[in-house]
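Examining the three-dimensional arrangement
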Amino acid sequence: MKVHYDEEIDALYLKLSDQNPDGVIEITEGINIDTTADGKLTGIEILKASQKMNINTILSYTLELDQGILGQKIAEQIVGDGR
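Just so it is clear, the model here is predicted, and its values are computed rather than measured. (Residues numbered from 1 in each chain as written. Predicted model: local features only at pLDDT ≥ 70, side-chain atom pairs only at ≥ 80, totals over all residues. Heavy atoms only, no water.)

Thoughts on the environment of K52
- By the secondary structure assignment, K52 is in helix α1 (residues 49–52).
- As a C-alpha pair, K52 and I31 span 21 residues in sequence and 9.8 Å in three-dimensional space.
- When near neighbours in sequence (up to four residues on either side) are disregarded, K52 contacts E29, G30, I31, I46 and L47.
- Among the polar contacts made by the side chain of K52, one reaches the main-chain carbonyl oxygen of L47 at a distance of 2.7 Å. (Helix = DSSP H or I, 4+ residues; strand = E, 2+ residues; numbered from the N terminus. Contact = heavy atoms within 4.5 Å. Polar contact = N/O pair within 3.5 Å; in protein donor to acceptor, adjacent residues only side chain to side chain.)

In structure tokens, the structure reads:
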């Protein structure tokens with residue numbers, strides 16, 4: 001997912017896919033969902049975004065990882081590499 005915010009026009013776009021949209025569904029005034037012909041979501045556009053949400057929250061993120069799974073994946077990689 002890619003996030004783009006245009007401060008000049010106060011629009012936020014969440015790009016969910018590399019596919020080109022075929023259509024747009026307006027959820028409510030100023031909130032649009034881009035879709036493909038087969039119903040897949042490709043993006044979400046939010047106009048007047050700063051009035052609808054805290055822009056700083058969406059432009060910063062935290063990635064939470066399950067340390068147990070992460071440790072297991074690292075161990076599998078080490079074993080797989082023959083270390």
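After that view, the rundown keeps rolling.
Re the side chain of T36
- Looking at the element boundaries, T36 is found in the loop between β4 (31–35) and β5 (41–47).
- In this structure T36 touches Q19, N20, D22 and T42, once residues within four positions along its chain are discounted.

Looking at the nonpolar core
- Core analysis: the largest hydrophobic core is formed by 5 residues, namely L12, L14, I46, A49 and I55.
- Not counting residues within four places of it along the chain, the set of residues in contact with I55 comprises Y5, A49 and S50. (Core = buried A, V, L, I, M, F, W, Y, C linked by side-chain atoms within 4.5 Å. Buried < 20%, exposed > 50% of the residue type's maximum accessible area, 1.4 Å probe, protein only.)

What about the pattern of salt bridges?
- Enumeration over the complete set of coordinates arrives at 2 salt bridges.
- When the shortest N-O distance is used, the salt bridge between K40 and D38 registers 4.0 Å.
- Given a relative accessible area of 45%, K40 falls into the partly exposed group.
- By relative accessible area, D38 is classed as exposed at 55%. (Salt bridge = Lys/Arg side-chain N within 4 Å of Asp/Glu carboxyl O.)

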